[in-house]
Amino acid sequence: MTHPPLDYSAAGVDYNKIDPLKLLAQRSASATGANLAAHGVAEVAGSRGESAYVMEIDGRFIASITECLGTKALVADAVRAISGRTHYDTIAQDTIAMAVNDLITVGATPLSVHAYWAAGGSDWFADEERMHDLVEGWRKACDVCKVSWGGGETPALAGVVEAGRIDLAASSVGIVPSRERLTLGEKMGNGDAIVLLASSGIHANGVSLARKLVERLPDGYASLLPDGRTYGESLLDPTTLYVPVTEALFAAGIVPHYIANITGHGWRKLMRHAGEFTYRIHTLPDVPPVLRFMQEHAGIDDHEAYGSLNMGAGFALYVAKEQAEEVARIARGLGVAAWVAGRVEAGAKSVVIEPLGVTYAADELHVRA
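Bear in mind the structure is a predicted one, so any value in this text is a computation, not a measurement.

**Considering the pairing of strand β4 (residues 109-119)**
Then comes step 1: Of all 11 residues that make up β4, 8 are buried, and the element is covered over most of its length.
Then comes step 2: Direction of pairing for β4 relative to strand β6 (residues 166-176): antiparallel, over a ladder of 10 bridges. Residue Thr109 lies in a different strand from β6, and its bridge partner there is Ile175.
Then comes step 3: Pairing of β4 with strand β5 (residues 148-153) involves 5 bridges; the strand directions are parallel. Bridging from a neighbouring strand, Tyr116 pairs with Glu153 of β5.
Then comes step 4: On the question of chirality, the crossover connecting β4 to the parallel β5 by way of helix α4 (residues 128-145) is right-handed.

**Here's the deal with the packing of helix α3 (residues 88-103) against α4**
Then comes step 1: Relative orientation of the contacting elements α3 and α4 amounts to 40°, with a least axis distance of 7 Å. Our classification of the angle between α3 and α4 gives oblique. Note on packing geometry: the crossing formed by α3 with α4 is right-handed. Facing α3, whose interface residues are Tyr88, Asp89, Ala92, Gln93, Thr95, Ile96 and Val100, α4 presents Arg130, Asp133, Leu134, Gly137, Trp138, Ala141, Cys142 and Cys145.

**Remarks on the sheet that holds strand β13 (residues 358-361)**
Then comes step 1: Across the sheet, which stays open at both edges, the 7 strands sit in the order β8-β10-β7-β11-β9-β12-β13 with mixed pairing between neighbours. The sheet is open, and its two edges are formed by β8 (258-261) and β13, each paired on a single side. Pairwise comparison of adjacent strand axes, ignoring direction, gives a mean angle of 20° for this sheet.
Then comes step 2: Pairing of strand β9 (residues 277-281) with strand β11 (residues 338-346) involves 5 bridges; the strand directions are antiparallel. When the bridges of β11 are listed, Arg280 appears paired with Arg343.
Then comes step 3: This element, helix α10 (residues 324-333), spans β7 (193-198), β10 (313-319) and β11 of the sheet and lies at about 150° to β11.

**A few points about the packing of aromatic side chains**
Then comes step 1: The full count for this structure, using the stated rule, is 12 aromatic pairs.
Then comes step 2: The ring of Tyr88 has Arg130 sitting right over it, with the charged end atom 5.9 Å from the ring centre.
Then comes step 3: For Arg181, the ring lying beneath its charged end belongs to Phe250, and the centroid distance is 3.7 Å.

**Describing the pairing of β8**
The two faces of the sheet receive side chains in turn, since in a regular strand these alternate between them.
Then comes step 1: Here β8 shows no split at all, with Tyr258 and Ala260 on one side and Ile259 and Asn261 on the other all buried.
Then comes step 2: Examined bridge by bridge, β8 and β10 share 4 bridges and lie antiparallel to one another. In the strand pairing of β10, Ala260 is matched with Ala316.

**As for the environment of Glu162**
Then comes step 1: On the secondary structure map, Glu162 appears in the loop between β5 and β6.
Then comes step 2: Sequence spacing of Glu162 and Thr105 is 57 residues, and the spatial spacing of their C-alpha atoms is 34 Å.

**Structural notes on unusual backbone geometry**
Then comes step 1: Phi at His87 is positive, roughly 65°, even though this residue is not glycine.
Then comes step 2: Here His87 lies in the loop between α2 (72-83) and α3.

**Details of helix α8 (residues 289-298)**
Three or four residues apart is the spacing at which side chains of an α-helix point the same way, because the helix has 3.6 residues per turn.
Then comes step 1: Residues of α8 that are buried: Val290, Leu291, Phe293, Met294, Gln295 and Ala298.
Then comes step 2: In this structure, the buried residues of α8 make contact with α5 (207-213), α6 (231-235) and α9 (302-308).
Then comes step 3: Taken from the residues just after α8, Gly299 is the one with a positive phi, measuring 70°.

**A short note on the side chain of His87**
Then comes step 1: Residue class for His87 comes out buried when judged on its relative accessible area of 2%.
Then comes step 2: Polar side-chain contacts of His87 include one of 3.5 Å to the side chain of Arg85.
Then comes step 3: Excluding anything up to four places from it in sequence, His87 contacts Ala76, Val79, Glu233 and Leu236.

**A word on the pattern of salt bridges**
Then comes step 1: This structure, assessed with the given rule, holds 16 salt bridges.
Then comes step 2: Residue Glu215 pairs with Lys212 through a salt bridge whose shortest N-O separation is 3.4 Å.
Then comes step 3: Residue classification places Glu215 among the exposed residues on the basis of a relative accessible area of 61%.
Then comes step 4: The exposure class of Lys212 is partly exposed, given its relative accessible area of 30%.

Thresholds, definitions, all that
- Residues numbered from 1 in each chain as written.
- Predicted model: local features only at pLDDT ≥ 70, side-chain atom pairs only at ≥ 80, totals over all residues.
- Heavy atoms only, no water.
- Buried < 20%, exposed > 50% of the residue type's maximum accessible area, 1.4 Å probe, protein only.
- Helix = DSSP H or I, 4+ residues; strand = E, 2+ residues; numbered from the N terminus.
- Pairing = 2+ DSSP bridges.
- Right-handed = clockwise from strand over helix to strand, strands pointing away.
- Axes fitted to C-alpha atoms, helices over the stretch in contact; angles between N-to-C directions.
- Parallel < 35°, antiparallel > 145°, perpendicular 65-115°, else oblique.
- Left-handed = near helix turned anticlockwise from the far one by under 90°.
- Contact = heavy atoms within 4.5 Å.
- Phe/Tyr/Trp six-rings, centres within 6.5 Å; stacked < 30°, edge-to-face > 60°.
- Lys NZ or Arg CZ within 6 Å of the ring centre and 35° of its normal.
- Polar contact = N/O pair within 3.5 Å; in protein donor to acceptor, adjacent residues only side chain to side chain.
- Salt bridge = Lys/Arg side-chain N within 4 Å of Asp/Glu carboxyl O.

Okay, structure coming up:
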């Protein structure tokens with residue numbers, strides 16, 4: 001039986017319906033920045049529409065972010081019967097990564113993380129193995145990022161969250177020690193290099209598509225990939241924590257001109273910057289087997305795949321071209337594969353992936369009011 005292509009909207013995620021709410025919220029939220037003046041605090045207006053919000057307090061800068069895991073917990077629950085593991089240690093790392101990988105895009109050093117674990121009932125917390133894995137995975141991810149786990153909330157929301165399920169989220173606060181460390185894009189310009197950092201797999205974006213695809217696979221999550229691993233376990237590889245890389249760059253005196261976390265919207269996120277630039281990609285990272293498997297079995301072309309999934313690149317650093325090779329070298333030294341993958345050019349706002357013949361125009365990304 002031949003199936004029609006299974007794109008992201010068919011999996012229940014349609015950014016054309018979601019993004020207008022985000023833009024409406026941004027426009028309404030911008031008016032509230034004036035409330036800070038009563039406290040002797042000012043917002044950094046340029047952080048509006050970026051991945052983290054920044055405030056200036058007595059010459060220092062505080063950044064904050066809240067993010068959720070999404071539906072990856074459903075994959076962990078389904079795969080447990082196959083692998084014999086809860087996998088909540090790895091999805092704990094995913095949840096923290098969703099927050100801190102956004103926070104560091106503005107030049108912040110994360111300081112603290114708070115947890116939000118909303119279950120469909122009190123019985124969810126009675127599984128001792130699962131709770132142990134969640135707590136230990138959360139703590140270990142905090143240690144990698146050198147942040148304090150400050151606390152959190154564990155509501156039992158019967159009737160709101162489905163019974164037997166949990167919604168995982170995290171907030172994070174960090175500090176930008178000086179205005180020179182802010183990476184809001186003011187310095188980015190024609191000729192800058194684009195360094196891409198490798199992803200570990202699907203990370204935590206595109207999981208709804210991954211779950212929908214299971215309906216087409218005769219062996220479901222137990223389906224084998226060409227590398228011999230199961231589809232389910234490959235989906236649960238934890239999201240890379242990029243905090244050690246940005247901290248090493250700052251320690252080396254390298255401040256990127258801009259940073260983008262490649263999450264929802266895939267490689268379209270490369271043009272998140274508010275300016276009019278063309279982002280020309282000449283070198284592609286290796287595609288993780290699980291993402292290549294998804295593209296093949298979902299029947300989607302490169303335009304859809306790279307516009308929805310990370311396809312091997314989880315993070316982008318826009319740096320002065322003379323620093324690009326050093327940036328990649330520092331990342332590799334920390335175990336994160338990196339490529340000098342492209343350049344920033346003056347021109348119409350777009351992402352041009354030359355090896356694939358794929359272009360994303362400005363009207364294909366709507367994340368800024």
